[in-house]
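Each chain, written out:
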Amino acid sequence: MNIGVLGAGQLGRMLALAGYPLANRFTFLDTTGHPSAGIGDVMIYTDQHHLLNDFLAKVDLVTYEFEHLPVALVQAIEEVKPVYPSSEAIRICQNRAEEKALFDRLGIPTPAYRIVESAEALEAAARELGTPVVAKSVTEGYDGKGQAVLRDPAEAAEAWRSINHPKLIVEAFVDFVREVSIIAVRGREGEMAFYPMAENLHVDGILRYSLAPMPDLDEAVQQTADGYIRALLDELDYVGVLTLELFQTRDGKLLANEMAPRVHNSGHWTMDGAVTSQFENHLRAIQGLPLGDTSARMPTCMINVIGQEGDPAAILAISDAHLHRYDKSERPGRKLAHVNLLAPTHGELLEKVHACAWLLPEAPEARFSFEDAFRQGNL
């Protein structure tokens, strides 16, 4: 089967690598002008109908590797070929107000929030919710972009100017002990499978570490997360992998942050640490194949390689280390690769993470943040 992928970055690359053993072929339609998949057949979309027709003529069905796509384009493709997940999932995820409204409707708790359309309304929301608050553009923005933290309502005017968007969502800060994510997959006939929750550590708005399974996860918390994402999968009649990012508070409760209708960075650990990776399961789901086992093989930590690559030989000298490079040029803040580390126990895993992190030329605070979090029992 020839699978069309909207987007041509590292997630698409990893989808293709997972799909070749299933005899899949891949055609990528890049909408950014900067494809980096380095695999399969890549076409660059330029609003020319003949090029879109050429793409559709080559593929049997279409999926996507990121959600920042023109919704009208995805809807037009749906008129011709099956698209999984649907354009409705993209439409909702591109609008934080729509996303929060969906969470509210399904009874999925979120941090307190307000929608504002002026600097004055932003200041009022900050006073009502109590600072600090985080203000985010309702559309666009990811990896920490398009947002600002207000520590005083008087900062509203400057925050409004810096974000420069006509509508913002303002969220109360959450006294959370950790950030977590739940990844699940739903097939064409409604069957579902859930991965163990991962604990995630971000630095400067970019994911640096994901650990799964979590060493102190209460089964009831996993079941709660499974229930939240199950509700989303059913409501959207979803097909494929879906990710839900959450905060866990000190009393153990979960608050939804945002969802991503695709394979996800916090699920990269599954490539080596789970029986079936998120990438293979996404491809199984959209093709109507049986879903694979989502169990963890053993404790696994994913480390993102950001900005500069380390010495591959030194990294691979660590036992049960698996390096996944994206064949991308170096530049500050760019995701270049990730390393999956596996160990029989979480204690042994921490030792490997410590050794690997010092081989990567990233900011020291990323390493220290991980070690501090682990020592405090948050990882």
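Look a little higher up for the structure.
Summarised in this report is the structure supplied together with it. (Residues numbered from 1 in each chain as written. Predicted model: local features only at pLDDT ≥ 70, side-chain atom pairs only at ≥ 80, totals over all residues. Heavy atoms only, no water.)

**Let's talk about the sheet that holds strand β7 (residues 147-150)**
In space, the four strands of this open sheet follow the order β5-β8-β6-β7, with antiparallel pairing throughout. Edge positions in the open sheet fall to β5 (113-116) and β7, since each of these has one partner strand only. Across the sheet, the mean angle separating the axes of adjacent strands is 20 degrees when strand polarity is ignored. When β5 meets strand β8 (residues 168-172), the two strands line up antiparallel, connected through four bridges. Residue pairing across strands places valine 116 opposite leucine 168, the latter belonging to β8. Strands in contact with helix α5 (residues 96-105) are β5, β6 (133-137) and β8; relative to β5, the strand with the most contacts, it is inclined by about 145 degrees. Against the sheet, helix α6 (residues 119-129) makes contact with β5, β6, β7 and β8, and its axis sits at roughly 170 degrees relative to β5, the strand it touches most. (Pairing = 2+ DSSP bridges. Helix = DSSP H or I, 4+ residues; strand = E, 2+ residues; numbered from the N terminus. Axes fitted to C-alpha atoms, helices over the stretch in contact; angles between N-to-C directions. Contact = heavy atoms within 4.5 Å.)

**Looking at the packing of aromatic side chains**
For the structure shown, the criterion picks out four aromatic pairs. An angle of 20 degrees between the planes, with centres 6.4 Å apart, marks the rings of phenylalanine 26 and phenylalanine 28 as stacked. Look at phenylalanine 26 and you get buried, because its relative accessible area is 4%. Members of the aromatic cluster, connected to one another through ring pairs, are Tyr20, Phe26 and Phe28. (Phe/Tyr/Trp six-rings, centres within 6.5 Å; stacked < 30°, edge-to-face > 60°. Buried < 20%, exposed > 50% of the residue type's maximum accessible area, 1.4 Å probe, protein only.)

**Description of the packing of helix α1 (residues 10-19) against helix α10 (residues 278-286)**
Packed helix pairs are characterised by how far apart their axes lie and by the angle those axes make with each other. The contact between α1 and α10 brings their axes to 8 Å, and the two run at 75 degrees. By the criterion of interaxial angle, the relationship of α1 to α10 is roughly perpendicular. Along the contact surface, α1 presents Leu11, Met14, Leu15, Ala18 and Gly19, while α10 presents Phe279, Glu280, His282 and Leu283. Of the residues assigned to the contact of α1 with α10, the class counts are six nonpolar, two polar and one charged. (Parallel < 35°, antiparallel > 145°, perpendicular 65-115°, else oblique. Nonpolar A, V, L, I, M, F, W, Y, C, P; charged D, E, K, R; others polar.)

**A few points about the pattern of salt bridges**
Taken as a whole and judged by the stated rule, the model has 18 salt bridges. Of the charged contacts in the structure, one is a salt bridge between glutamate 171 and lysine 136, with a shortest N-O distance of 3.2 Å. Residue glutamate 171 is located in strand β8, and its partner lysine 136 is located in strand β6; the two are separated by 35 residues in the primary sequence. An identical accessibility class is assigned to glutamate 171 and lysine 136; each is buried. Through salt bridges with shared partners, a single ionic network connects Glu88, Arg91 and Glu98. (Salt bridge = Lys/Arg side-chain N within 4 Å of Asp/Glu carboxyl O.)

**Considerations on the sheet that holds strand β3 (residues 41-44)**
Sheet architecture is open: four strands sit in the order β3-β2-β1-β4, paired in parallel fashion. Strand pairing shows two members of the sheet lacking a second neighbour, β3 and β4 (61-64), which therefore form its edges. Adjacent strand axes in the sheet meet at a mean angle of 25 degrees when their direction is disregarded. Where α10 meets the sheet, its contacts fall on β1 (2-6), β2 (25-30) and β4, and the angle it forms with β4 comes to roughly 145 degrees.

**Focus on the pairing of strand β14 (residues 254-260)**
Most of β14 sits out of view: six of its seven residues are buried. Taken together, strand β13 (residues 240-249) and the strand that follows it, β14, pair antiparallel across an intervening segment of four residues, in which glycine 252 is found at a positive phi of about 90 degrees.

**Considerations on the environment of glycine 190**
Within the element layout of this structure, glycine 190 appears in the loop between β9 (176-186) and β10 (192-194). In this structure glycine 190 comes out as partly exposed when scored by relative accessible area, which is 24%.

**So, the pairing of β13**
Where burial is concerned, most of β13 is hidden: ten out of the ten residues are buried. Pairing of β9 with β13, which is carried by ten bridges, proceeds in the antiparallel orientation. Paired with glutamate 179 across the two strands is phenylalanine 247, which belongs to β13. With six bridges joining them, β13 and β14 adopt antiparallel strand pairing. Note that in β14 the partner of phenylalanine 247 across the bridge is leucine 255.

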